[in-house]
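Close look at the chain arrangement
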Amino acid sequence: MAYWLFKTEPGEFAMSDLEAMAPAPECWSGVRNYQARNFLRDQVAADDRVFIYHSSCQRVGIAGIARVVRAGYPDPAQFAPQSPYYDAAASPQLPRWYAVDIVYQHSFRQLVPLAVLKASPALQELALVRRGSRLSVMPVAPAQWQAIVAMADGPSAN
DNA sequence: GCCAACGTTGGC
DNA sequence: GCCAACGTTGGC
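1. Quick notes on the overall build of chain A
- Each helix and strand in chain A was counted, giving 4 helices and 6 strands.
- Its helices and strands in sequence order give chain A the pattern β-α-β-α-β-β-β-α-β-α, from N to C terminus.
- What you see for chain A is a C-alpha radius of gyration of 15 Å, in line with the 15 Å of a compact globule of 158 residues.
- Taken over the C-alpha atoms alone, chain A extends approximately 50 × 35 × 30 Å along its principal axes.
- Buried residues in chain A amount to 45% of all 158 residues.
- Within chain A, counting contacts between residues at least 6 apart in sequence, those at least 24 apart form 72% of the total.
- One way to put it: in chain A the 14 positive side-chain charges average out to a point 7 Å from where the 13 negative ones average out.

See below:
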């Protein structure tokens, strides 16, 4: 089992939306960056765990945990002309973009702010805190995962 | 709203 | 293949 971090703008789709849908899964759609696409297509697997990160909002940080229930498959949005994620160059025979399905697992009692992540010595190698990083799907090492969970729900977070 | 940093496009 | 121009991301 591997660990990941997915970015989302809560104005579009928030951790609370995922929680409200539970136990129904959500299609994680609309990733339009090749490096992130490659992770979704090639590496994200069923039963992997995912941090949900809120970006471009008042309180940026990690809001909770989801679980992957379906590995990468062609993102339906690329074939839907009405979708903002439509890609005229993609076809079902030659899909360009991929999605996964995730399901709600756990909302942190309090969001772990970006500033806290940046300040953690255990997270200096995490792509999220690297200067200028724009990657929206990224791997999280087990030690990084445990450090973040401890910050979220550990004694210091209470 | 600003702007730094990044990814993509397209002319050559 | 280079690289300037452009569009986007995303924190602040």
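Text resumes after the structure shown.
2. With respect to the protein's contact with DNA strand C
- Surrounding DNA strand C, one finds Lys7, Tyr53, Ser55, Ser56, Val60, Leu114, Lys118 and Arg134.
- Considering the 4 Å shell around the protein, atoms of DNA strand C inside it are sugar or phosphate in 82% of instances.
- The contact in question runs from a phosphate oxygen of DNA strand C to an N or O atom on the side chain of Lys118, over 3.3 Å.
- Class assignment for the residues of the surface near DNA strand C results in 3 nonpolar, 2 polar and 3 charged.

3. Some thoughts on the sheet that holds strand β2 (residues 26–28)
- Strand order in the open sheet formed by 6 strands is β2-β5-β4-β3-β1-β6, and the pairing between neighbours is mixed. Whereas interior strands pair on both sides, the edge strands pair on one side only; in this sheet they are β2 and β6 (137–140). The sheet shows a mean angle of 40 degrees between the axes of neighbouring strands, taken without regard to direction.
- Bridge analysis of strand β1 (residues 3–8) against strand β3 (residues 49–54) gives 6 bridges, and the strand direction is parallel. Within β3, the residue paired with Lys7 across the bridge is Tyr53.
- Along the sheet face, helix α2 (residues 34–42) touches β1, β4 (61–74), β5 (98–113) and β6 and points at about 60 degrees away from the line of β6.
- Against the sheet, helix α4 (residues 142–153) engages β1, β3, β4, β5 and β6, with an angle of about 45 degrees to β5.

4. So, the nonpolar core
- Of all hydrophobic cores here, the largest spans 43 residues; its most connected members are Phe6, Phe51, Ile62, Ile102, Leu117 and Leu128.
- It is β5 that provides the largest number of residues to this core, a total of 7 residues.
- Apart from residues lying up to four places away in sequence, Leu117 is in contact with Ile62, Val112, Leu123, Leu128, Val129, Ile148 and Met151.

Parameters at a glance
Residues numbered from 1 in each chain as written. Chains lettered and ligands numbered in written order. Predicted model: local features only at pLDDT ≥ 70, side-chain atom pairs only at ≥ 80, totals over all residues. Heavy atoms only, no water. Helix = DSSP H or I, 4+ residues; strand = E, 2+ residues; numbered from the N terminus. Rg over C-alpha atoms; globule rule 2.2 N^0.38 Å. Buried < 20%, exposed > 50% of the residue type's maximum accessible area, 1.4 Å probe, protein only. Contact = heavy atoms within 4.5 Å. Lys, Arg positive; Asp, Glu negative; His and termini not counted. Charge placed at Lys NZ, Arg CZ, Asp CG, Glu CD. Near = heavy atom within 4 Å. Polar contact = N/O pair within 3.5 Å; in protein donor to acceptor, adjacent residues only side chain to side chain. Nonpolar A, V, L, I, M, F, W, Y, C, P; charged D, E, K, R; others polar. Pairing = 2+ DSSP bridges. Axes fitted to C-alpha atoms, helices over the stretch in contact; angles between N-to-C directions. Core = buried A, V, L, I, M, F, W, Y, C linked by side-chain atoms within 4.5 Å.

Read these as layout, nothing more, since geometry by itself doesn't imply function.
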